[in-house]
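Topology and contacts: notes
Chain residues, written in single-letter form:
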Protein chains: 2
Amino acid sequence: MKNQAAGSSSDRIVVAATRMAQAHGYGGLNIRDLAQDVGIKAASIYHHFASKADLAAAVAKRYWEDSAAVLEALATESADPLVSLRRYPETFRKSLESDNRMCLSSFMAAEYDDLPEGVKKEVQAFADVNVAWLEKNLREAKIVDAQRARQRACAIYAAVAGAQLMARGRADIALFDTLMDSYRQAGLLPG
Amino acid sequence: MKNQAAGSSSDRIVVAATRMAQAHGYGGLNIRDLAQDVGIKAASIYHHFASKADLAAAVAKRYWEDSAAVLEALATESADPLVSLRRYPETFRKSLESDNRMCLSSFMAAEYDDLPEGVKKEVQAFADVNVAWLEKNLREAKIVDAQRARQRACAIYAAVAGAQLMARGRADIALFDTLMDSYRQAGLLPG
DNA sequence: ACCTGAACACCGTTCAAGT
DNA sequence: ACCTGAACACCGTTCAAGT
């Protein structure tokens, strides 16, 4: 929590890198383009992060931390866990709204084989945070047996991530919405 | 259908490239490594395919053609559409069994922004083939209203693809199986 | 027809040198 | 502390030259 003044060089690098990684993945995260985006030279990136792997780990870490905060805010705002659950897909929809971008962790899950260990860890943390949040709200809403809450939470996470992936592959947000409707009709998501 | 003698150079390039792309995506498809894998030099690849884009398009095309054949065989083998539907996830499970690889089209859907137009087309064809097969079997099995068969087909495809992605992100096939169980329990997949 | 070495402009990364 | 130009080994790709 020290030295995170808004707009610091490191901050702006992480923000720009996040946007880039959500569109092009870890492999497509280009240090030269990133530097240009931030307004410095490629070599200068390495003053802030020891390597591309370190930068990506920082990006993925802040990504799940921010997501956790958004989900907490959503739960507080909704009060009713059932309403929170209904609104869960919104978080994934927002990425698509932002230039057809996708969840950083989904993209990087695909890139699993090429991910440095430190990045893998943070990518999985994102899934963990989402599943834990879903599980908690499923329990509170008493939609499924308490013992099956975690299983169902995983299923919802995987299905929503898959829907985002399919919608991105067609650059079609309406498809994402249709898929959420189908999940509700089928009984996977609460109606 | 002419000149496709098994084991021809072009064939072996496509096969090797497919395996590579299922693990590393379009961006991670490396011409030099691919050439070495096939036993020729990088420059020689360009004798068979005009560009990486052309190669990837051929790869993606053969990928959905092969998938279509596998699905047709599955339907013929099962006879009962309900059984076919139950076995649908097997096709995605097989990729995970093969060194935690994933569906080429899912990986490339993530890489949407960086995909040449000719590749995008073939990637979408894969989804189309899968959705059409699911829709047909859903109709025949009379599991959902005929008018909602297509919608449900999309939902199943997206959910299974998402499950594969999540399982790959943890290199955990058992998770894929658990997710399929959850989908069945929730009512998305036929029990 | 099929293959190749050498070259091109590009990548991540390093490092010595600047302020 | 922060930045940079120049260099390194690597990429996709081209092309003239080989058999």
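Residues numbered from 1 in each chain as written. Chains lettered and ligands numbered in written order. Predicted model: local features only at pLDDT ≥ 70, side-chain atom pairs only at ≥ 80, totals over all residues. Heavy atoms only, no water.

Chain A is annotated in an unreviewed UniProt entry as TetR/AcrR family transcriptional regulator from Paraburkholderia strydomiana.

1. Quick look at the overall build of chain A
Rules: Secondary structure elements are defined from DSSP: runs of H or I of at least 4 residues count as helices, runs of E of at least 2 residues count as strands, and each element is numbered from the N terminus. Burial classes follow relative accessibility: with a 1.4 Å probe on protein chains only, a residue under 20% of its type's maximum area counts as buried, one over 50% as exposed, and anything between as partly exposed.
Tallying secondary structure elements over chain A gives ten helices and zero strands in all. Helices and strands in chain A line up, N terminus first, as α-α-α-α-α-α-α-α-α-α. The principal-axis extents of the C-alpha atoms in chain A amount to approximately 55 × 40 × 30 Å. Within chain A, buried positions represent 51% of all 191 residues.

2. Some thoughts on the protein's contact with DNA strand D
The condition is simple: One heavy atom within 4 Å of a molecule or strand makes the whole residue count as near it. Whenever a nitrogen or oxygen atom comes within 3.5 Å of another N or O atom, the pair is scored as a polar contact, on the condition that within protein one atom can donate a hydrogen and the other can accept it, and that pairs from neighbouring residues in sequence are kept only if both atoms are in side chains.
In the region of DNA strand D, 16 residues are neighbours, and K41(A), H48(A), R32(B), Y46(B) and K52(B) sit closest. By atom count, sugar and phosphate contribute 57% of the portion of DNA strand D lying within 4 Å of the protein. Within the side chain of N30(B), one N or O atom sits 2.9 Å away from a phosphate oxygen of DNA strand D. Measuring from a phosphate oxygen of DNA strand D, one finds a side-chain N or O atom of Y46(B) at 2.7 Å. Those elements giving two or more residues to the surface near DNA strand D turn out to be helix 3 (42-48) of chain A together with helix 2 (31-38) and helix 3 (42-48) of chain B. Ranked by the residues each element gives to the surface near DNA strand D, the list is headed by helix 3 of chain A, at four residues.

3. Topic: the side chain of Q22(A)
Position of Q22(A) relative to the elements: it lies in helix 1 (residues 9-24). At a separation of 3.0 Å, a polar atom in the side chain of Q22(A) contacts the main-chain carbonyl oxygen of M102(A).

4. A few points about the nonpolar core
As a rule of thumb, soluble globular proteins bury nonpolar side chains together. This is how the line gets drawn: Throughout, nonpolar core names a set of buried Ala, Val, Leu, Ile, Met, Phe, Trp, Tyr and Cys residues whose side chains join them through atoms within 4.5 Å. It only takes one pair of heavy atoms within 4.5 Å for two residues to be counted as in contact.
Judged by nonpolar contacts, the single largest core of 124 residues is most densely connected at Y183(A) and Y183(B). Not counting residues up to four positions away in its chain, the partners in contact with Y183(A) are A159(A), V160(A), A163(A), L188(A), L189(A), A155(B), A158(B), A159(B) and L188(B). The next biggest cluster of nonpolar side chains, apart from the first, holds ten residues, and it includes M102(A), F107(A), A109(A) and M102(B).

5. Focus on the UniProt feature "DNA-binding region" (unreviewed entry) in chain A
Put simply, the test is: UniProt positions are given in the numbering used here, feature names are shortened, and annotations may be inferred rather than shown by experiment.
The UniProt record marks residues 30-49 of chain A with the feature "DNA-binding region" (unreviewed entry), using the residue numbering of this structure. Helix makes up 75% of residues 30-49 of chain A and strand makes up 0%, while its end C-alpha atoms are separated by 14 Å.

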